[in-house]
Amino acid sequence: MPELRRVPVNGVELNVALAGSGPAVLLLHGFPHTWELWTDVMAGLAGRHRVIAPDLRGFGASGRAAAGYDAGALAEDAAALLAALGVSSAAVAGIDAGTAPAFLLALRRPGLVRRLVVMEGLLGRLPGAEDFLAGGPPWWFGFHSAGPGLAETVLEGHEAAYVDWFLRAGTLGDGVRPAVRDAFVRAYTGRRALRCAFSYYRALPESAAQIEQAVATARLTVPTMAVGARPVGTALERQLRPVTDDLTGHVIEDCGHIIPLHRPHALLTLLRPFLAGDDTRTP
């Protein structure tokens, strides 16, 4: 089992899972997940890497912050976490809600981020995702972003059924292990937990503006890998292509949105050689 540690950053305590030793790899989860999304990936990487998997602010067992759910603030949390752990450079991987913070961290701090892996998320309004968004964003984006407190009021008392829907859809009906499922349900039960999770969606317009401003003045120069499955597929790769110097794209077949839990071995098959490019560098 990974070591769990409380690390104060930017006015909030993050719950962080740590495992292994070697060049650092930072893993950023999405919704409705916690660091436990990465359990199998951590086990597969810990033999050669120092793996760092936080609960994002407001998520899981991390502090319930009143603000700071935009991608830029979450990227700064990630940078502060690495500094607090004494990490001077890291590979960074993000999925879903973790994609935009991982991207901004690599774009803004190429000296800190050695390599970037992004999965099953979109980068605001950048061109390339038009086909994916032809019918509009996924329905829950609007629901989660609706008037303050609406989604929380509707879902309170029904959190388990709601989380289960995402876990089934995100694994093409296969579901996840009971222990992981139960951890996710606990993490998203209660009005405060829901408010924090939905604050990320309510900050999406601000995050989109931050991404547009960032790519207007800089390019992504670190080696980057985009990994798609269902439903995002190649949309993220297409968004990255015009703004990235060194990009590799993959789609994992017969895989749902929750790649690290649904097809962890396929993901590790891609991650290991990509990360091996800088295994000789110090963490």
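Predicted model only: the values in this text are computed from it and were never measured. (Residues numbered from 1 in each chain as written. Predicted model: local features only at pLDDT ≥ 70, side-chain atom pairs only at ≥ 80, totals over all residues. Heavy atoms only, no water.)

Okay, helix H9 (residues 204–217) next. With 14 residues, H9 extends 21 Å between its outermost C-alpha atoms, agreeing within 8% with the 20 Å of an ideal straight helix rising 1.5 Å per residue. By the burial criterion, the buried members of H9 are Ser207, Ala208, Gln210, Ile211 and Ala214. Summarising the axial view, the buried residues of H9 lie within an arc of 160°, below the 170-degree limit, and thus occupy one face. Residues of H9 that are exposed and point over 90 degrees away from its buried face: Pro205, Gln213, Ala216 and Thr217. Buried residues in H9 make contact with helix H2 (71–84) and helix H3 (99–108). (Helix = DSSP H or I, 4+ residues; strand = E, 2+ residues; numbered from the N terminus. Expected span 1.5 Å × (residues − 1). Buried < 20%, exposed > 50% of the residue type's maximum accessible area, 1.4 Å probe, protein only. Arc of directions from axis to C-beta. Contact = heavy atoms within 4.5 Å.)

Across the sheet, which stays open at both edges, the eight strands sit in the order E1-E2-E4-E3-E5-E6-E7-E8 with mixed pairing between neighbours. Lying at the two open borders of the sheet, with one neighbouring strand each, are strand E1 (3–9) and strand E8 (247–251). Averaged over neighbouring strand pairs, the angle between their axes works out to 20° when direction is ignored. Sheet topology note: the E1/strand E2 (residues 12–19) ladder contains seven bridges and is antiparallel. Pairing of glutamate 3 across the sheet is with leucine 18, part of E2. (Pairing = 2+ DSSP bridges. Axes fitted to C-alpha atoms, helices over the stretch in contact; angles between N-to-C directions.)

Before going further, it helps to spend a moment on the packing of aromatic side chains. Taken as a whole, this structure holds 17 aromatic pairs when the rule is applied. Between phenylalanine 31 and tyrosine 188, the aromatic rings sit 5.3 Å apart at their centres with planes inclined by 85°, giving edge-to-face as the arrangement. A residue pair is termed long-range when its members are at least 10 positions apart, and phenylalanine 31 in the loop between strand E3 (24–28) and helix H1 (39–45) and tyrosine 188 in the loop between helix H7 (178–187) and helix H8 (191–202) qualify at 157 residues. A relative accessible area of 2% means that tyrosine 188 is categorised as buried. Between tryptophan 139 and tryptophan 140 the ring centres are 5.5 Å apart and the planes differ by 90°, which places this aromatic pair in the edge-to-face class. (Phe/Tyr/Trp six-rings, centres within 6.5 Å; stacked < 30°, edge-to-face > 60°.)

In the contact formed by helix H6 (residues 159–169) and H7, the axes pass within 9 Å of each other and the chain directions differ by 130°. Comparing the axis directions of H6 and H7 gives the class oblique. Crossing geometry of H6 relative to H7 is assigned as right-handed. Here H6 contributes Ala160, Val163, Asp164 and Leu167 to the contact with H7, which in turn contributes Arg181, Phe184 and Val185. Here the contact of H6 with H7 is built from residues that sort into five nonpolar, no polar and two charged. (Parallel < 35°, antiparallel > 145°, perpendicular 65-115°, else oblique. Left-handed = near helix turned anticlockwise from the far one by under 90°. Nonpolar A, V, L, I, M, F, W, Y, C, P; charged D, E, K, R; others polar.)

In short, geometric facts, not functional conclusions.
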